[in-house]
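Report on the structure
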Amino acid sequence: MIQTVLGGLAWPRLLAIGWGKFSSGAASRQGKMRLPAWTEPARRLGTLIPGRANLSRVIQVRPRGLRSSATLVLASVSNAVVAQSITSAPASLDVIAAVPANEIWAIAAAIIAVCTVAAYVLRGGAGRHGKTLLLATLLTVSALWSNSTSWAQMFAQFTQPAGQTLAIPVVPIVNEGALQGFEPADFLNSAGKALRISALAPPNFNQCFPDFPTSALPPAGGGGPPACAVGYVLGAGSSCRVDVDAICKSLATQATALISVSPTSLVFEANGSATVMVSADPASPQAAQNVMATIPGGSGLLVQSSTCTAPLSAGASCSITFTGSVVEGPTMVTVSGANTAAATLGVTVVASPPISISIAPTSLVFEANGNATVTVSADPASPQAAQNVMATIPGGSGLSVQSSTCTAPLSAGASCSITFTGSMLEGPTMVTVSGANTTVSTLGVTVAASPTISITSPVLANRVINVLSVTGLDLTVANDAPSAVNATAITVTNKAAVPDLMVDDSDCVSVAPGASCTLRLTSNTPYVPSTITVGGTNTANSPTTLIAFSHVGGLVFEISGGTGKVAADAAQSFSSSWTGSFSDVSGASSLDDGAANTAAIIANPACSGAPASCAAQRCQDLGTDWYLPAVNELVGMQAALCAGGSGCKFGGISLGYHWTSTQQSNLSARNVNMLFGVSLLDVKSTIYPVRCVKKF
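The following paragraphs examine the structure supplied in this document. (Residues numbered from 1 in each chain as written. Predicted model: local features only at pLDDT ≥ 70, side-chain atom pairs only at ≥ 80, totals over all residues. Heavy atoms only, no water.)

Turning next to the pairing of strand β23 (residues 415-421). Burial within β23 is extensive, with 5 of its 7 residues counted as buried. In this structure, strand β20 (residues 371-378) lies alongside β23, joined through 7 bridges in antiparallel fashion. Note on β23: the bridge partner recorded for Val-374 is Ile-418. Direction of pairing for strand β22 (residues 400-404) relative to β23: antiparallel, over a ladder of 4 bridges. If you follow Ser-403 over to β23, its bridge partner there is Thr-419. (Buried < 20%, exposed > 50% of the residue type's maximum accessible area, 1.4 Å probe, protein only. Helix = DSSP H or I, 4+ residues; strand = E, 2+ residues; numbered from the N terminus. Pairing = 2+ DSSP bridges.)

Quick look at the structure:
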């Protein structure tokens, strides 16, 4: 308390302000008073010291005994003397003994005596004897005042040209109960000549922190006068600074932290782990830095993980987890930090039973150059992770591991996978799957021929897509029974002739041997009959099929520049004579324009007189946009729907001759053979099949 109060110049402020309070009060009651010259320093001190208003109530003095009160003020100033100190000497290198500062108790006693006697006398006590006592006290204080060492300690000034020793005050800065730092100590050379700092005894840890700091301190500040370093020459009237803040904060970072470990011994199975808790003593002066475990050389122990990388503050804890794959111990491991003592931990690794693993499925079959995957699972009750799980393939086998997710430790209840491949037919080949600390599982692996597929339905004549219909055409694709493996990712692999064809192959991701799947085909664009190819990612073959398109009520057989023509389907087909009688029909001789021919025929009496026997009229009866095709139009229909010489594929078109609308003479007209696509002549009264045509 004395150090704090005196080091901060509280006593000089208190007494000088008391003098000012007294003098002003006396003047108000007794009129103008003439004070002796020797009281002037005290009066000025009371005027200059800040905080006068706040301290003026500490000491109340009366106007009696003015000389004694002034002497009281002048005798009550001193700094605390503690172990830390700074010593000055003349700037020359001559060795001169330092003047010690040792009047602290005398000054303190004088302050108490003056205050007591002054209060007693000024209140009218003891009369003449009291004044005599006060005078004696003032003489004592005057003697102390004349001592320049006391003066120097009071104002942190070097006043002795021969050098002297002054105390270094340690004044904490506290904000809302938290220590923030320390006031710097500035020293002024008032000796009238240059001085050299000959010795410096800075504060120690206990002087800076009588109680250990409980929180981290902010960084030390800077600035101010030059540092008071040993050898530094302090010019007359100049100041230097002892950076108490930096000194104390440096000591805080150098203090030793106290740590402990719990438990003090660990035991775990090989490839297992165990954890020790490291705790910082709540009384540690600072955080433990860089706490880590040191494992002796030759040990198989490893630090698996640690939460001790950050500074460990007082009262806090962190953990270090150890592992090891080899039986050993107890091995003595030390745990320490950069600023802590070491704690010792015994670690023992014992043998462990094998971890149980299982595989699914227990057999694999895949095609040459394909692959298949087995899943490896660790028993959920396993006490530790399965290590180094891998597959062992017998020598001479063409199998290989394509990929594996089992390289990392496999914890209890977890799974990983191993994928095999091979280019040669073999099997079943017995492959073992195991880890460094696991049971062994056996897997049969067979490399088989690639599967073959076929399009089984519908029949070709019904492989027709209704344009703009959501139902589309469902093609059934089978994985042929002799296949040993699933056919995968079956889809339409080539649709170059029908680029707008849409394929839903979601049902054909994987098709087992003997099973089948459905490809749904739809289109918003009409096409002439075209060939598509179907295949899978692992199939040995890629079958093809012809598909047709139904649009605006008929089968598309011609597309040109966004327009086209359709043939009436089987339900709209019929047989008829060209006309019921003979007549030369003007305008019905076009080889390409069946619509014009039809209009001419219908207008002729040979047709209009017997419409039931007129093929052109009967086409018109299907709809005004239907007509009897010209010879080249019917040849085009045969080429699209019946090509190949093996009969018509779609629409149920019968083989043989069909009427066209192209007239040859008044007796005959042209027909087309739908098997070969050739045109001949026949009399108009002959009955032939008819397929009407419509444009779109």
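A cis amide bond, omega -5 degrees, links Ser-262 with the succeeding residue Pro-263. By secondary structure assignment, the location of Pro-263 is in the loop between β10 (259-262) and β11 (265-269). One non-glycine residue with positive phi stands out, namely Asn-271, at about 70 degrees. By secondary structure assignment, the location of Asn-271 is in the loop between β11 and β12 (272-280). When its relative accessible area of 19% is taken as the criterion, Asn-271 is described as buried.

A word on the state of the cysteines. Counted by the stated rule, this structure contains 8 disulfides. One disulfide in the model links Cys-607 with Cys-614; its S-S distance is 2.1 Å. Of note, the bridge from Cys-607 to Cys-614 carries an S-S torsion of about -100 degrees and is left-handed in sense. In this pair, the class of Cys-607 matches that of Cys-614, namely buried. The disulfide partner of Cys-642 is Cys-648, and the S-S distance across this bridge is 1.7 Å. (Disulfide = S-S within 2.5 Å.)

Looking now at the pattern of salt bridges. Overall, the coordinates contain 6 salt bridges when judged by the stated rule. One salt bridge connects Asp-186 with Arg-241, and the closest N-O pair in it is separated by 2.6 Å. Note that Asp-186 is positioned in strand β6 (residues 185-189) and Arg-241 in strand β9 (residues 239-242), a separation of 55 residues in sequence. Exposure remark for Asp-186: the relative accessible area of 33% places this residue in the partly exposed category. (Salt bridge = Lys/Arg side-chain N within 4 Å of Asp/Glu carboxyl O.)

As a further point, take a nonpolar patch on the surface. A surface patch of nonpolar side chains, amounting to about 260 Å² of accessible area, comprises Phe-582, Leu-667 and Val-683. Assessed through its relative accessible area of 42%, Leu-667 is described here as partly exposed. (Patch = residues over 30% accessible without salt bridge, like charges linked within 9 Å, V, L, I, M, F, W, Y side chains within 5 Å. Areas by Shrake-Rupley, 256 points an atom, 1.4 Å probe, with all protein chains shown as cover.)

Turning our attention to the environment of Leu-425. Tracing the chain through its elements places Leu-425 in the loop between β23 and β24 (426-434). Judged by relative accessible area, Leu-425 falls into the exposed class, the value being 57%. Expressed as a C-alpha distance, the spacing of Leu-425 and Gly-398, which sit 27 residues apart in the sequence, is 8.5 Å. Setting aside anything within four residues of it in sequence, one finds Leu-425 in contact with Ala-368, Val-447, Ala-448 and Ala-449. (Contact = heavy atoms within 4.5 Å.)

That's the geometry; what it means functionally is another story.
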